[in-house]
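The chain contents come next:
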Amino acid sequence: MSDKFFSAGYPAPREPVNQKIDVANALVLAHNTFYQNMLSEVGENNNFSHAIIWLNPYGTAPLSACLGLWAEAEVTLTISVQDNGGVTSAATWAQQLQQGANVIPVSGMVADTLNVITLLVDGQVVGKYTVSTAPLPLPDSAEVSLGFPVISVTHATDDLASVGEGFYFTTQFDRYNLAFDQNGIVRWYTTKDIPSYNFVRMDNGHFLATSQGINHCLNMYEFDIVGRVYTVYLLDNEFHHSILPLDDNRVIAPSEYSNGRPDAYSTGKDGISIVDLTTGLEVAYYDMLKVMDYARPARPSGSAPGQDVEMDDWLHINQCYIDKTNNLVIASGRNQGAVFGVDVDTGALRFIMANHEGWASEFENYLLTPVNEQNEPLYDLSTQEGIDDANLQFWTWGQHNVVEIPNDEPGIVEFLVFDNGNYRSRDDAKSLLPVDNFSRVVQFKIDLNAKTVFRPYEYGKTEVGNRGYSSYVSAKHLLSNGNLVIHFGGCIVDENYRPGTSEPGYSDIIDPHEGSQALGILLLQEIHKETKELLFEATISSGYFKNAEANGDSYRYDLSGFRVYKLPLFG
């Protein structure tokens, strides 16, 4: 297969059609003008005690502001933000001021109250300002759709020193990017002018995001904590899932063939693109239709091979990264329940971590054997009992958010992945109902030479159970202090609070006892990874039950959380 497909210099980028940086973007130009106007207003009289305050100057981050300050010399300023009543903990960070006029970003305020912004130099207060903020947008109701989420703390943090630094950042599909503190109080969010769903922070502290609601994931925005949009990238092909910055000012992301494939196949979500942020151009494209087994029936979703569909979502890549040690692109293909690796330089397949059923014979040599810590096989995969046990206990199903655990040992690939758990079998008769199922975070360690896979860690099966079951999306973030922040981002319940699925009969088997309404109640936890001690828990909900009559057939997609991070406001 590799000789056939890779002899022409693959993986080459696709020819650009309209791929570029939108240098004439009206929002970017307006924001540039706002910034220059603010800077021009700052004069020598705007010292620390006479700063100019612009609340939400770009109209896109209502709990953020900019300060206009004049500095006589370079100085490090400490900024602290807290509600006037002291209900929340202060958000504090250092800001370097240049000599002359400065426009300084401020964030972390609380909605619908007075907020105190305190400026300190060398520990001494040099300025203090009070700012009044507007209420949060309304949550869902009969009159409001895609409203602001309702956040409730269900397990408070007893010891602030035990949890990671910063706020919980998350994003809901075409609703809002937001961050909240350990009290469940929102401290930052962006308006719907900015994409929400596919959201990540870069090394320069800015964010990148795309969403279906803004040109079907074909416009990628770069913006900062105060909502200033710096760049809009026009993409020829949708960045539909999980943008990941690389360390050479490039990004890697699953990529749709939005312009139509140059062959007879009508497939989607089966490629990976690398884009150079300095030019906006694609520099490499990995076409997994030429690599993976297209003939294998999809599970949990997608269409059967040869089925008459507009776009065959047979693989559904939702996350990818580059393993530099082994020169591999690692990707998660949701609809095959597979995490797989291809060579960076050639695109040739190197391994497939997935259930062994249904693969064409030419792919069997790439499949991995589950082993224990002593490298002994865990299951007898020559028997149906062994296959069923591995399906239920070991393999991932509909997984998301495969994230590297760095390892500098050649031949070893290690990562964390969110195992959604759809079906947990390729046979409906053996599949689990959502009420009997679970989602989990799993750590895998692959030996490429031995073609084995070891699972040193899992969390969620017994610790959370069915209340964390998420038939789609979801994510986790391994913090520098070793804690795990986990967003069970697709939790759905009916009117009897029975766990459900996004699409019965498609994402899971049909539950005969399912009710007629649906509510998203997403679970967010911070745990001590090794001991699995629960340190913090909150639920995020739309606050309003939906049904097919009032909300259409997709009513179960009530509220979804695709990304999660624990981050300082500035970083």
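Quick caveat, the model's predicted, so the values are computed rather than measured.

A.B. asks: What's the story with the overall build of the chain in this structure? I'm lost.
C.D. replies: Looking only at helices and strands, the chain features 4 helices and 36 strands. The C-alpha atoms of the chain give a radius of gyration of 24 Å, which matches the 25 Å a tight globule of 571 residues would have. Here the chain, with 571 residues, has 58% of them falling under the buried criterion. A fraction of 60% describes how many contacts in the chain between residues 6 or more apart in sequence connect residues 24 or more apart. In the structure as shown, the chain presents an accessible area of about 22,300 Å², 48% of it carried by carbon and sulfur atoms. With 35 positive and 72 negative side-chain charges, the chain shows a spacing of 2 Å between the two charge centroids.

A.B. asks: I tried to follow the sheet that holds strand β18 (residues 250-255) on my own but got confused; where do I start?
C.D. replies: The strand order across the open sheet formed by 4 strands is β17-β18-β19-β20, and the pairing between neighbours is antiparallel. Pairing within the sheet leaves two strands with one partner each, and these edge strands are β17 (244-245) and β20 (282-287). Strand direction decides the pairing type here: β17 and β18, joined by 2 bridges, are antiparallel. Bridge assignment links L244 to a residue of β18, and that residue is I252.

A.B. asks: Can you help me understand the pairing of β18 in this one?
C.D. replies: Here is the key point about a regular strand: its side chains alternate between the two faces of the sheet. Burial analysis of β18 places 5 of its 6 residues in the buried class, which makes it a mostly covered element. Here β17 folds back onto β18 in antiparallel fashion, the turn holding 4 residues, of which N249 has a positive phi close to 60°. When β18 meets strand β19 (residues 271-276), the two strands line up antiparallel, connected through 6 bridges. By the bridge assignment for β19, V251 is matched with V275.

A.B. asks: Got a minute to help me understand helix α2 (residues 26-41) in this structure?
C.D. replies: Owing to its 3.6 residues per turn, the α-helix aligns residues three or four sequence positions apart on the same side. Given a rise of 1.5 Å per residue, 16 residues ought to cover 22 Å, and the 23 Å separating the end C-alpha atoms of α2 matches this to within 8%. Those residues of α2 lying buried are V28, H31 and M38. For α2, the arc enclosing every buried residue in end-on projection is 90°, short of the 170-degree limit, so these residues lie on one face. Residues of α2 that are exposed and angled more than 90 degrees away from the buried face: A26 and S40. In this structure N25 caps α2, since a side-chain oxygen of it lies 3.0 Å from the backbone nitrogen of L27.

A.B. asks: Sorry if this is basic, but what is going on with the sheet that holds strand β27 (residues 412-419) here?
C.D. replies: The strands making up a sheet associate through backbone hydrogen bonding, with each pair oriented either parallel or antiparallel. Pairing in this open sheet of 5 strands is mixed, and the strands run β25-β29-β28-β27-β26 from one edge to the other. Either end of the sheet is taken by a strand with one partner, and the two such strands are β25 (369-371) and β26 (400-404). Put simply, the sheet's adjacent strands are angled 30° from each other on average, direction ignored. Across 8 bridges, the pairing between β27 and strand β28 (residues 440-447) is antiparallel. Looking across to β28, one finds that D419 is bridged to R440.

A.B. asks: For this particular structure, what's the right way to read the side chain of E222?
C.D. replies: If you trace the backbone, E222 turns up in strand β15 (residues 219-223). Among the polar contacts made by the side chain of E222, one reaches the side chain of H206 at a distance of 2.7 Å. With residues near it in sequence (within four places) discarded, E222 still touches M202, N204, H206, F207, L208, R228, V229, Y230, T231 and Y233.

A.B. asks: Would you take a moment to explain the nonpolar core for this structure?
C.D. replies: For soluble globular proteins, nonpolar side chains are generally found buried alongside one another. I117, F169 and W188 are the most contacted members of the largest nonpolar core, which has 82 residues in total. With 5 residues, the top contributor of residues to this core is strand β3 (residues 65-71). Listed in part, the 25 residues of the second largest apolar core include I272, L315, A331 and F363.

A.B. asks: Looking at this structure, I do not really get the environment of I540. What am I missing?
C.D. replies: For I540, the position within the fold is in strand β34 (residues 534-541). It is 31 Å that separates the C-alpha atoms of I540 and P406, two residues lying 134 residues apart in sequence. Excluding anything up to four places from it in sequence, I540 contacts P149, V150, I151, T170, Q172, F180, H487, G520, I521, L522, L524 and L559.

A.B. asks: Would you mind showing me how to read the side chain of K529 here?
C.D. replies: Note on placement: K529 falls in the loop between β33 (517-528) and β34. A residue is classified by how much of its surface remains accessible, and K529, at 7% relative accessible area, is buried. Within polar-contact distance, the side chain of K529 engages the side chain of Q443 at 2.8 Å.

A.B. asks: When you look at helix α3 (residues 384-393) in this model, what are you seeing that I'm missing?
C.D. replies: What α3 keeps buried is the set G386, I387, A390 and N391. All buried residues of α3 lie within an arc of 135° about the axis, which places them on one face of the element.

A.B. asks: Is there a simple way to think about the state of the cysteines in this case?
C.D. replies: Structurally, a disulfide amounts to a covalent bond that connects the sulfur atoms of two cysteines. Summed over all chains, the structure comprises 0 disulfides. Left unpaired, C320 is separated from the closest cysteine sulfur, that of C217, by 14 Å.

Reading the values: the criteria
- Residues numbered from 1 in each chain as written.
- Predicted model: local features only at pLDDT ≥ 70, side-chain atom pairs only at ≥ 80, totals over all residues.
- Heavy atoms only, no water.
- Helix = DSSP H or I, 4+ residues; strand = E, 2+ residues; numbered from the N terminus.
- Rg over C-alpha atoms; globule rule 2.2 N^0.38 Å.
- Buried < 20%, exposed > 50% of the residue type's maximum accessible area, 1.4 Å probe, protein only.
- Contact = heavy atoms within 4.5 Å.
- Areas by Shrake-Rupley, 256 points an atom, 1.4 Å probe, with all protein chains shown as cover.
- Lys, Arg positive; Asp, Glu negative; His and termini not counted.
- Charge placed at Lys NZ, Arg CZ, Asp CG, Glu CD.
- Pairing = 2+ DSSP bridges.
- Expected span 1.5 Å × (residues − 1).
- Arc of directions from axis to C-beta.
- Polar contact = N/O pair within 3.5 Å; in protein donor to acceptor, adjacent residues only side chain to side chain.
- Axes fitted to C-alpha atoms, helices over the stretch in contact; angles between N-to-C directions.
- Core = buried A, V, L, I, M, F, W, Y, C linked by side-chain atoms within 4.5 Å.
- Disulfide = S-S within 2.5 Å.

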